[in-house]
Amino acid sequence: MRREYLCPTCGGVLNPGNKVVFVIEHGAARALLLLNPRLGDYGAVAGRGITVTPGAAYRFRCPICQADLTSPFDPNLVQVLARLGDGPPAVVAFSRIAGEHATFLQDARGLHRFGEHAARYQELNFFGAGHGPQE
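Summary of the structure given here. Each chain has its residues counted from 1, following the order in which its sequence is written. Only residues with pLDDT of at least 70 get local features here, since the model is predicted, and only at 80 or more are side-chain atom pairs given and counted; chain-wide, interface and lining totals rely on the full set of residues. Derived side-chain values reflect all non-hydrogen atoms in the structure, with water molecules and hydrogen atoms excluded from consideration.

Bringing the pairing of strand β6 (residues 77–84) into the picture now. Bridge analysis of strand β1 (residues 3–6) against β6 gives four bridges, and the strand direction is antiparallel. Looking at β6, one finds that Arg-3 is bridged to Leu-84. For β6 and strand β7 (residues 90–95), the ladder comprises six bridges, and the chain directions are antiparallel. Bridging from a neighbouring strand, Leu-77 pairs with Ser-95 of β7. Two strands qualify as a pair provided that DSSP identifies no fewer than 2 bridges between them. Secondary structure follows DSSP: runs of H or I at least 4 residues long count as helices, runs of E at least 2 residues long count as strands, and numbering of each begins at the N terminus. In this antiparallel pair of consecutive strands, β6 and β7, the connection spans five residues, and Gly-85 shows a positive phi of 65°.

Printed below as a string of structure tokens:
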């Protein structure tokens with residue numbers, strides 16, 4: 001079953017195909033960014049008009065409503081919703097810093113961490129929940 005990623009502001013589907021689509025900005029530069037929908041897979045394709053520089057923080061926006069997707073729990077994270085089938089939506093957060101591999105999924109089973117840099121955020125309580133199982 002395919003996980004569907006949603007904008008938390010407009011509810012629009014961010015992965016209508018096989019990639020998750022965002023608009024990213026850095027300074028005056030702006031482009032589309034396509035991410036792999038598999039949690040913990042950090043493959044990405046940036047559109048022309050922007051150079052992705054390791055260590056730089058990029059602003060992520062919904063490509064539908066242009067809402068800023070910065071997490072309200074940590075300014076270094078992007079936050080969206082994810083739904084698997086007809087179940088309730090879960091929260092997905094990931095680093096907006098290029099080259100930092102940290103992704104989090106908060107669902108009914110708890111908080112799941114992905115990526116070799118996830119421990120950098122270990123002390124933070126993103127979603128008002130305790131630490132859950134790690135994957």
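After that view of the structure, there is still more to cover.
Another point: the environment of His-112. By the element assignment, His-112 lies in strand β9 (residues 110–114). Between the C-alpha atom of His-112 and that of Val-92, which follows or precedes it by 20 residues, the distance is 9.5 Å. Distance and chemistry together define a polar contact, namely a pair of N or O atoms within 3.5 Å, with one atom able to donate a hydrogen and the other to accept it when in protein, and with adjacent residues in sequence counting only for side-chain atoms on both sides. Of note is the side chain of His-112, whose polar atom sits 3.0 Å from the side chain of Asp-107.

Stacked, tilted and edge-to-face are the three classes applied to pairs of Phe, Tyr and Trp rings, where Trp contributes its six-membered ring and a pair requires centres within 6.5 Å; stacked means planes under 30 degrees apart, edge-to-face means over 60, and tilted covers the rest. In the structure shown here, the tally under the stated rule is four aromatic pairs. Their ring planes at 75° and their centres at 5.8 Å tell us that Phe-104 and Tyr-121 sit as a pair that is edge-to-face. Of the two residues, Phe-104 is situated in strand β8 (residues 103–107) and Tyr-121 in the segment after β9; the sequence distance between them amounts to 17 residues. For Phe-104, a relative accessible area of 0% corresponds to the buried category. Exposed residues in this analysis have more than 50% of their type's maximum accessible area, buried residues have under 20%, and partly exposed residues fall in between, with area computed by a 1.4 Å probe over protein chains only. The class of Tyr-121 is buried, set by a relative accessible area of 4%. Put simply, the rings of Phe-22, Phe-60 and Phe-94 pair up and form one aromatic cluster.

To continue, consider the nonpolar core. Throughout this description, the term nonpolar core refers to a set of buried Ala, Val, Leu, Ile, Met, Phe, Trp, Tyr and Cys residues connected via side-chain atoms within 4.5 Å. Membership of the largest hydrophobic core comes to 26 residues, with the highest contact counts inside it found for Tyr-5, Leu-14, Phe-22, Phe-60, Leu-69 and Val-92. Secondary structure elements with two or more residues in this core: β2 (20–26), β3 (29–35), β6 and β7. Not counting the four nearest positions on each side in its chain, Phe-60 is found in contact with Phe-22, Val-23, Ile-24, Leu-33, Leu-35, Ala-67, Asp-68, Leu-69, Val-78, Phe-94 and Arg-96. Counting eight residues, the second largest nonpolar core, distinct from the first, contains Ile-97, Phe-104, Leu-111 and Tyr-121. Contacts were defined at the residue level, with two residues in contact if any of their heavy atoms lie within 4.5 Å.

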